[in-house]
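Observations on the three-dimensional arrangement
What follows is the residue order along each chain.
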Amino acid sequence: MSSTERRLDSQSAVASPHPVFSAGSPLLKKFDETSAASRSRQETATPPRSVVGIGNKVAKPDYSEAKIVLAMVGLPARGKSYLSNKLMRYLKWLEYEVKVFNVGQLRRTRARQQAEQSGIKEDHSAKYFSHNNEEANRLRDSLSEDSLDMLIQWLKDGGNVGIHDATNSTVSRREKIRARVAKEKGFYLIFLESFCDDPDIISANVDLKVNAGDPDYKDMSRDEARRDFLRRIAEYEAVYQTVTEPNLSYLRIKNVGSQVTVCQIHGYLQSRVAYYLMNLHIKPRSIFFSRHGESQFNVEGKIGGDSLLSPRGQQYANTLPALITDNIGDAPLTVWTSTLQRTIQTASQLPYNKLTWKSLDELDAGVCDGMTYDEIEAAYPEDFANRDDDKFNYRYRGGESYRDVVVRLEPVIMELERQGNILIIGHQAILRCLYAYFHDLPQADLPYIKIPLHTVIKLTPKAYGCDEERFALPIGAVDTHRPKPSISGPIPPPQIPVSTTGRDYYGEK
Amino acid sequence: MAAPLYTTDSGLLFHAGKILVVTVGLPARGKTHVSRALERYLRWMGVKTQVISLGDYRRKTLGGAQQLPPDYFTLGEKTPETMRLRESVREGCEGLIWKFFETGGQVVIYDANNGTRRARKDLAEKFDKAGIHVILLESTCDNEEIVKANIRSVKISSPDYKGWDEEKAIEDYYRRIHDHEKYYEPVEETDWPFIRIFNVGDRIEINKIQGYLQSRIIFFLMNIHNKPRTIYFARSGQSLIEHSYKADSDLSPAGWEYAERLKDFVIQRRKKTLEERGIDASESRLVIWTSARRRAHHTAWPFLTHASNPPANLNPTVAASAPGSSTNSPLLGALQTSASSTSLYSPSLYPQKLQVPRVPHLMLPPSTLSPALALLPPQQQQQLLSAPQTQVITQPPTPPPPQPIKVKVIEKPQMSEINPGVWDGLSPDEARRLYPEEWERFLKDPYAFRAPRAESYHDLCVRLEPILVELEREQEDLLIIGHASVIRCLLSYLIGLPASEIPAIEVARGDLLEVRPASYGVHSQNLHFWDGPGRRGAARTRPSSAAGGATIGTGPGAAGAGGAGRKGEALGLSKLRDLELDDSGLTGEGAEGEAAVFEDAMDVPPEEGGADVDNGASGDATEDDEAGNPNNYYENYAEDTRGKRKAGMSALGLSI
């Protein structure tokens, strides 16, 4: 008899103690009523509102002090857009307001407008990018300045991090940016140089550029496009100056992480950005998500708890190893589970290294742990409706909100970025948060993402997002997804992007 | 942001293998500061780490600088004897490194100058061959000011210059540095992974650093600074239901009163500290971190009302938006508007005499007793059902002087107290009965043990790791209003205590822990400012070895804690002489025990300064308390029984 079984056994033997202050016990309500009365004559001038019910909405943390201009530096095909998109996804997931201002997009958009209005088509071949072409130089300078002005305005309107995605390849251009940002009070400027001299990486980036349908090359053959793009790079190389200005804050990343220079970087968010970038790699790998097999509590409709698998859940655990092995072959893989029985049990037969993370435990439902949704709704109908109103920000009393889970998962994301092939046997809320990070899904949709039982989700990171495959095993399970209730009929769950790997050339997505 | 700690078969953490960090740099460039900080951090994460200092070793084996031949520190021509001497020191030191690795150590930080490429290459190759990952950590500094400050503050107080005239010592030291400079070669070889730190973190260069532990080291190094600042820790006020994690209950009346006193005391204390440094306290912002638990962030409330001062209506916008904020977390709403507002203190906030109605907790007729309530021990039931009374609290005769403050309060969800899992709300007796096996293990190892669905202290440390890096990063004065378990973990990091000691650190409600980081550690002292209901759940005695009383820290000039502590205490005690020590509601029984302790404490003459008040009454008091006051024992058990575990257990009525 394992200690788990014994424990379950002893629990049932001693009349399983309902947690004293659970939402299922009348004590909590009584307590709230009486303690609210005691608050009426508090000595504080403006006492914070009293605690009642099963939870409440939590306001977003105050990030208003963060105003950062992050200006990219680097030759074309050095992964600047890759880094800026990746960074945007990470910071947005952490609830910062982030926007990428891509000068290339602005150039294409304006050229397209001009072509539509006047019919004149601007020449955006390599000639346009030559430093000897004065007219084009002037145009490109003004594009960069306009883009920076738009960025600064956006920061003033409440943004936190604006990413200026351009080559910014000369000392004089960077000086102009510095002087412009210095006019704004409380703005912080960082240059992020992506330096690359690994011919394999460059070549792969060039291929991606000319094969991915860049409108700059839409009328050219691939070979022509490749030649033109290489000429464009050469034009930049002729005047390129790596960042060494001692008065600037900068991060210089060589060959995606192999060498990093960090200069004059102060501030917590800034150092986090640096740490994140240090942990990125671009080696191909896949990340697998699976929920635990169907649990006893799933069958009973209860939330939380630490129950064991149901017979069908056990069947899933038996079948999982074959599916994973078919997919991954001989490649190395590490399995991560939470500390709860149902994930450990689900992973038990997988022939890989396993690691248990406390941070992967399911969202803590606090006083509602171990109850069914119906029971909660019956005991606290108003609170229950409140949670549906803003599920992301709703924190269960004595438990967590989705936001709390995002904060707790941040180290997991960092570790995921560093790792190779990983299979996470997790829980519904946890996998929703991780999934939203990889697909850049908005907060409001996050708590409604469908992560069904007995399904493996395979994500393969690509240049601008992730490819996704789903493998549903034909083993029945209860549906634990609760769609957002609505007066005007059920709202369809958010569209799951099949692939988010395409590049956005005009900034319209 | 630490991954969960896991030990591989070899006994090493993170699959990181063994690492030798070789410091490089001229003297007085802060190598030791960085080495010690890193050692503290890695040890706290559970990595077996050791700084091996060439200077310390030399001093130990050969004695101070005076005992050395005159050419010992000149790098040029040396007599054969000096060469031999140096060689023997180097070899002895390397022997220590090997020994540490061989006995299960994972990271060695070799604190020496290692100023030539040649010496580094020899060293790195030797260890690399044995499969040890070598990282060069260079600390360079071209800012003369920083170097001078370093020499003055640290070097001339080193044992090398014991009994020397200050100016002569500085001169001698400069000569030593100068000789080194001639031969110094900065780390420019890229064949080894390196980290170069310029002017204490102004710029950091990193080469070929790979691996989890290594990148953590860099992130940490990016966040440390050595600017003067103070970190304060205080527990949250007493809550209505102390022993339930899930109930997340609000402050009790005593808790609210505590919050007011805490605010007054911190403001006064900080003003004094800052004035000593020539800083105007009203100009310097205090950052407050609380957990997301109500008892913690409501304890910060008086700071906000003080800063925004709604009754005087000096700042109408703030006053209007703070109380009626539309969000359901009014505090947060208020934070955003009043974050850094400054205004004058208004005496109207502090009535001389205050009527606080005793909370009519849970006045249920016995017939409605829920099964859950029936599970509680009888005394507890009694408290839950006790009748309302009125309690009179006499305010201190003089309100604190007007004092504008700048304050920003930040709620950190990672700072919740240790989660008791299924033991939440249970009495120790029930826990023992329902989970006998787990209970045994809990008693054996309160640091590593995780009750079902609960967190261990180890889990808590991992959870707090991002907070710790932010703590290092913060430059403004910081007040952490938290829970005993959280304060214990953070404090053990700052002070450098081994992990196993964490659960035993005493953190009493009513004490303000003041920690000032210094070169080689921290100065910390324990300022006692409040005695009242709910001080229990923590220490009966004044904290001793770990958290306070005496100054902790390895640096010189650590101030005696006692004097300052007494001042704080006097405030609390004078008030308490008149106070009717009746508790507010759920924690009623403890009150008499409290009174006894206070009497004892008052009998100690203030002159006794730093000595801890280790009163004999504590044992009895604990007994009273444990029986009547259901505190969160999962959080406080080890503390309750620290150093006298047997007594503590018998106090709980257990026979183990």
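Residues numbered from 1 in each chain as written. Chains lettered and ligands numbered in written order. Predicted model: local features only at pLDDT ≥ 70, side-chain atom pairs only at ≥ 80, totals over all residues. Heavy atoms only, no water.

Digging into helix α6 (residues 166-183) of chain B
Residue and element names in this part refer to chain B. The line we're drawing: Every helix listed is a DSSP run of H or I at least four residues long, and every strand listed is a run of E at least two residues long, numbered separately from the N terminus. To estimate how far a helix should reach, multiply one less than its number of residues by 1.5 Å. Each residue gets one of three labels from its accessible area relative to the maximum for its type: buried under 20%, exposed over 50%, partly exposed in between, using a 1.4 Å probe on protein chains only. The contact criterion used is simple: two residues touch if any of their non-hydrogen atoms lie within 4.5 Å.
With 18 residues, α6 ought to run about 26 Å at 1.5 Å a step, and its terminal C-alpha atoms sit 27 Å apart, in line with that. For α6, the full list of buried residues reads A169, I170, D172, Y173, R176, I177, D179 and H180. Buried residues along α6 sit in contact with α2 (54-62) and α5 (144-153).

Some remarks on the sheet that holds strand β14 (residues 465-472) of chain A
Residue and element names in this part refer to chain A. How we decide: Only strands that DSSP links by at least two bridges are regarded as paired with each other. Here an axis means a line fitted to C-alpha atoms, over the contact stretch when the element is a helix, while the angle between two N-to-C directions is reported on a 0 to 180 degree scale.
Taken together, 6 strands build an open sheet; the order of strands is β10-β9-β12-β8-β13-β14 and the sheet is mixed. Pairing within the sheet leaves two strands with one partner each, and these edge strands are β10 (353-356) and β14. The mean inter-strand angle of the sheet, taken between neighbouring strand axes irrespective of direction, is 20°. Across the sheet, helix α15 (residues 402-418) is in contact with β8 (287-291), β9 (334-337) and β12 (422-426); its angle to β9 comes to roughly 175°.

Some details on the UniProt feature "binding site: substrate" (unreviewed entry) in chain A
Residues and elements named next belong to chain A. Put simply, the test is: UniProt positions are given in the numbering used here, feature names are shortened, and annotations may be inferred rather than shown by experiment.
The residues that UniProt annotates with the feature "binding site: substrate" (unreviewed entry) are R291, H292, G293, E294, S295, Q296, F297, N298 and R342. In summary, the annotated positions, though distributed over 52 residues, converge in three dimensions, the widest C-alpha pair being only 14.0 Å. Aside from chain neighbours lying at most four places away, what touches E294 is V299, L309, S310, R312, G313, L453, H454, A477 and V478. Relative to the assigned elements, S295 resides in the loop between β8 and α10 (296-300). Not counting residues within four places of it along the chain, the set of residues in contact with S295 comprises S307, L308, L309, S310 and R342.

Observations concerning unusual backbone geometry
Unlike most non-glycine residues, A:E95 shows phi in positive territory, near 75°. Summarising the element assignment, A:E95 is placed in the loop between α3 (80-93) and β3 (98-102).

Observations regarding the packing of α3(A) against α15(A)
Residues and elements named next belong to chain A. In plain terms, the rule: Orientation is classified from the angle alone, with under 35 degrees giving roughly parallel, over 145 giving roughly antiparallel, 65 to 115 giving roughly perpendicular, and any other angle giving oblique.
At a closest axis distance of 11 Å, the pairing of α3 and α15 adopts a crossing angle of 160°. Considered as vectors, α3 and α15 are oriented roughly antiparallel to each other. Taken together, the residues of α15 that come into contact with α3 (itself represented by K86, Y90 and W93) are V406, L409, E410, I413, M414 and E417.

Section: the pattern of salt bridges
Applicable threshold: When a carboxyl oxygen of Asp or Glu is within 4 Å of a side-chain nitrogen of Lys or Arg, the pair counts as a salt bridge.
For the structure on display, the rule yields 68 salt bridges over all chains. The salt bridge involving A:E184 is made with A:K156; its shortest N-O contact spans 3.3 Å. Here A:K156 lies in helix α5 (residues 134-156) and A:E184 lies in the loop between α6 (171-182) and β5 (188-195), a separation of 28 residues in the sequence. For B:E476, the salt bridge goes to B:R285, with nearest N and O atoms at 3.2 Å. Within this pair, whereas B:E476 is found in the loop between α17 (457-473) and β12 (477-482), its partner B:R285 is found in the loop between α8 (253-276) and β8 (286-291), the two being separated by 191 residues in sequence. Looking at B:E476, the relative accessible area reads 27%, which means it is partly exposed. Residue B:R285 is classed as buried on the basis of its relative accessible area of 15%. Each of B:R36, B:E39, B:R43, B:D56 and B:R59 takes part in one network of salt bridges that share partners.

Re the sheet that holds strand β13 (residues 511-518) of chain B
Residue and element names in this part refer to chain B. Read across the sheet, 6 strands follow the order β11-β8-β12-β7-β13-β14 without closing on themselves; strand pairing throughout is mixed. Each of the sheet's edge strands pairs with one partner strand only, and the pair in question is β11 (407-412) and β14 (521-528). Looking at each pair of strands side by side, their axes are set apart by 20° on average, direction ignored. By the bridge criterion, 6 bridges tie β8 to β11 in an arrangement that is parallel. Looking at β11, one finds that S291 is bridged to K412. Each of β7 (231-235), β8, β11 and β12 is contacted by α17, which is oriented at about 175° to β8, the strand it contacts most.

A word on the domain arrangement of chain B
All names here are of chain B. Stated formally: Where each domain begins and ends is defined by an automated method or by a domain database. Summed over both partners, the accessible surface that disappears when two parts come together, traced with a 1.4 Å probe, is what is meant by buried area. N or O atoms within 3.5 Å of each other form a polar contact, as long as, within protein, one can give a hydrogen and the other can take it, and as long as residues adjacent in sequence are counted only when both atoms are side-chain atoms.
According to the domain assignment, chain B contains domain 1 (19-222) and domain 2 (231-309 + 403-528). Between the C-alpha centres of domain 1 and domain 2 there is a distance of 36 Å. Domain 1 puts 13 residues into the contact, and the matching count from domain 2 is 17 residues. Between domain 1 and domain 2 the total buried area reaches about 1,300 Å² when both faces are included, carbon and sulfur atoms providing 62% of it. Together, R40, W44 and V154 form the three largest contributors to the area buried by domain 1 at its contact with domain 2, with a combined 54%. For the pair domain 1 and domain 2, the number of links is 1 salt bridge. With its nearest N and O atoms 2.6 Å apart, the salt bridge here joins E465 to R216. If you look at where domain 1 meets domain 2, you find 6 residue pairs in polar contact (both at pLDDT 80 or more). Mapped by element, the contributors of at least two residues to the side of domain 1 that touches domain 2 are α1 (31-44) and α7 (212-223).

Things to note about helix α4 (residues 117-129) of chain B
Residue and element names in this part refer to chain B. Helix length check: α4 (13 residues) gives 18 Å between terminal C-alpha atoms against 18 Å at 1.5 Å per residue, within 8%. Close packing links the buried residues of α4 with β1 (19-24), α3 (80-102), β3 (107-111) and β4 (133-140). Directly after α4, the chain includes G131, whose backbone phi takes a positive value near 80°.

Structural notes on the packing of aromatic side chains
To keep it simple, the criterion reads: Note on aromatic pairs: the rings of Phe, Tyr and Trp (six-membered ring only in Trp) are paired at centre separations within 6.5 Å, and the planes decide the class, stacked below 30 degrees, edge-to-face beyond 60, tilted for the rest. A ring is considered to have a charge above it if a Lys NZ or an Arg CZ atom is located within 6 Å of its centre and within 35 degrees of its normal.
The final tally for this structure, using the stated rule, is 25 aromatic pairs over all chains. Between the aromatic rings of B:F265 and B:F529, the centroid separation amounts to 5.1 Å while the plane-to-plane angle is 10°, which identifies the pairing as stacked. Within this pair, whereas B:F265 is found in helix α8, its partner B:F529 is found in the loop between β14 and α19 (561-577), the two being separated by 264 residues in sequence. Of the two residues, B:F265 and B:F529, both sit in the buried class. A connected cluster of aromatic rings, assembled from ring pairs, spans B:W423, B:Y435, B:W439, B:F442 and B:F449. Above the face of the A:F195 ring, A:R252 is positioned so that its terminal group lies 4.7 Å from the ring centre.

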